[in-house]
Amino acid sequence: MSEAVIVAAARTPIGRAVKGSLKDARPDDLAAFAVDAALAKVPQLDRSEIDDLYLGCAEPRDEHGGNMARRVAVQLGLDTVPAVTVNRFCASSVQTARMAFHAIKAGEGDVFVSAGVECVSRYAGFSSAGVDPVDTHNPLFAEAEARTTKYAASNETWHDPREDGLLPDIYIAMGQTAENVATARGVSRAIQDEFGVRSQNLAEQASRAGFFAREIAPYPLPDGRVVEDDDGPRFGTTLEKVASLEPVFRSTGTITAGNCCPLNDGAAAVVIMSAERARQLQITPLARIVATAASALSPEIMGLGPVEASRRALARAGMTIADVDLVEINEAFAAQVIPSAEDLGIPWDKLNVHGGAIALGHPFGMTGARIMTTLINGLAWQDKQIGLETMCVGGGQGMAILLERLS
């Protein structure tokens with residue numbers, strides 16, 4: 001079977017939703033820009049050779065709807081390139097990379113684009129309270145609303161709802177799932193705040209060193225300004241500042257704006273080829289995809305999703321966590337990253353060493369491709385070989401991809 005190799009990666013800066021630098025950018029424009037930037041890094045490739053364009057998006061509706069992937073392909077003049085929009089919520093563009101990996105392994109093509117985008121600023125009806133549910137008429141939604149209200153008014157922890165004759169709450173707010181994990185696993189507010197400050201400080205160090213400039217394609221705005229940097233990192237963040245923040249989801253809870261990711265806008269893309277085609281085009285691959293995995297668990301503790309997914313990917317690769325040099329766990333919440341890393345035996349000196357989503361942001365559909373881009377960049381920057389990308393997924397899933405750096 002053919003090896004699947006990554007030959008190019010690029011991303012836009014990440015803007016803060018509603019009030020940030022990309023708030024007026026359409027998702028299809030951002031996605032097209034990221035795809036074009038990635039493809040520009042492999043000029044040897046005739047773009048008409050692309051077998052498929054996969055675009056991840058967590059909320060494929062409104063401006064994100066109507067098979068946005070195909071709009072992106074046509075916008076770039078790729079009329080003969082098929083395209084599909086994929087939703088696995090937070091891991092949507094992990095899934096697109098996995099699809100390219102599988103297609104190459106199956107011999108169904110040689111060149112694929114795996115991309116992801118999310119512009120929370122452009123959600124119709126969006127408010128700071130959260131994303132509108134998909135189906136408010138579903139009877140499960142009313143049950144979910146009642147249970148979320150109950151959680152928010154008390155310090156009650158999660159337990160298996162089937163013990164009460166109820167289905168797990170697929171509509172539960174992500175912040176509530178983080179509170180469930182924090183309470184169930186004894187993740188203190190203090191260590192969450194420490195992790196949040198670590199993310200900000202590492203992102204600041206990496207930014208000052210020019211690390212992110214290696215992966216960001218500056219985005220031109222219609223007014224002539226150019227966005228070159230992520231909005232999110234807060235330089236000079238201290239534990240004192242973060243410790244003073246109030247809980248967001250439960251009055252007696254531990255999740256604050258300082259130890260969880262914000263809401264964001266952005267896009268990223270990677271170009272994935274068969275190793276044979278890369279050799280024919282004399283393109284030096286950045287990395288190869290070693291193994292992938294998906295897993296599932298109760299939606300109410302979805303934050304622990306990286307654990308089983310990572311274990312499955314490692315087993316498929318014949319590796320252990322000791323073989324991995326750098327790990328990127330998406331920082332949806334410090335409350336879930338900390339126990340996930342603990343269960344997997346990941347030391348903090350290998351984990352999110354250039355900062356993570358708490359500092360950089362988490363545009364849902366973009367994040368899988370963004371983390372892959374940052375991980376490849378990090379392996380080269382640190383002169384390391386094996387990287388693990390993993391994340392939890394709203395609705396109760398986990399995904400993981402193992403990469404081997406090649407150049």
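Since the structure is predicted, the reported quantities are computational estimates derived from the model, not experimental observations.

> Can you explain the packing of helix α1 (residues 27-39) against helix α2 (residues 68-75)? Please cite residues and give values.
Packing of α1 against α2 brings their axes to within 9 Å, and their N-to-C directions diverge by 55 degrees. As summarised for this structure, α1 and α2 are arranged oblique, according to the angle between their axes. In the packing of α1 onto α2, the handedness of the crossing is right-handed. Facing α1, whose interface residues are Pro27, Asp28, Asp29, Ala31, Ala32 and Val35, α2 presents Met68, Arg71, Val72 and Gln75. When grouped by side-chain class, the residues that make up the contact of α1 with α2 number 6 nonpolar, 1 polar and 3 charged.

> Describe the nonpolar core, with residues and values.
Judged by nonpolar contacts, the single largest core of 44 residues is most densely connected at Leu53, Leu55 and Met273. When contributions to this core are tallied by element, the ones reaching two or more residues are β1 (4-11), α1, β3 (52-56), α2, β5 (111-119), β8 (264-274) and α8 (275-280). Among the elements that take part in this core, α1 stands out by supplying 8 residues, more than any other. Apart from the residues lying within four places of it in its own chain, the contact partners of Leu53 are Val35, Ala69, Val72, Ala73, Val81, Pro82, Ala83, Val84 and Val113. Ranked by size, the runner-up nonpolar core spans 36 residues in total, among them Ala58, Val94, Ala100 and Ile272.

Definitions and cut-offs
Residues numbered from 1 in each chain as written. Predicted model: local features only at pLDDT ≥ 70, side-chain atom pairs only at ≥ 80, totals over all residues. Heavy atoms only, no water. Axes fitted to C-alpha atoms, helices over the stretch in contact; angles between N-to-C directions. Helix = DSSP H or I, 4+ residues; strand = E, 2+ residues; numbered from the N terminus. Parallel < 35°, antiparallel > 145°, perpendicular 65-115°, else oblique. Left-handed = near helix turned anticlockwise from the far one by under 90°. Contact = heavy atoms within 4.5 Å. Nonpolar A, V, L, I, M, F, W, Y, C, P; charged D, E, K, R; others polar. Core = buried A, V, L, I, M, F, W, Y, C linked by side-chain atoms within 4.5 Å. Buried < 20%, exposed > 50% of the residue type's maximum accessible area, 1.4 Å probe, protein only.

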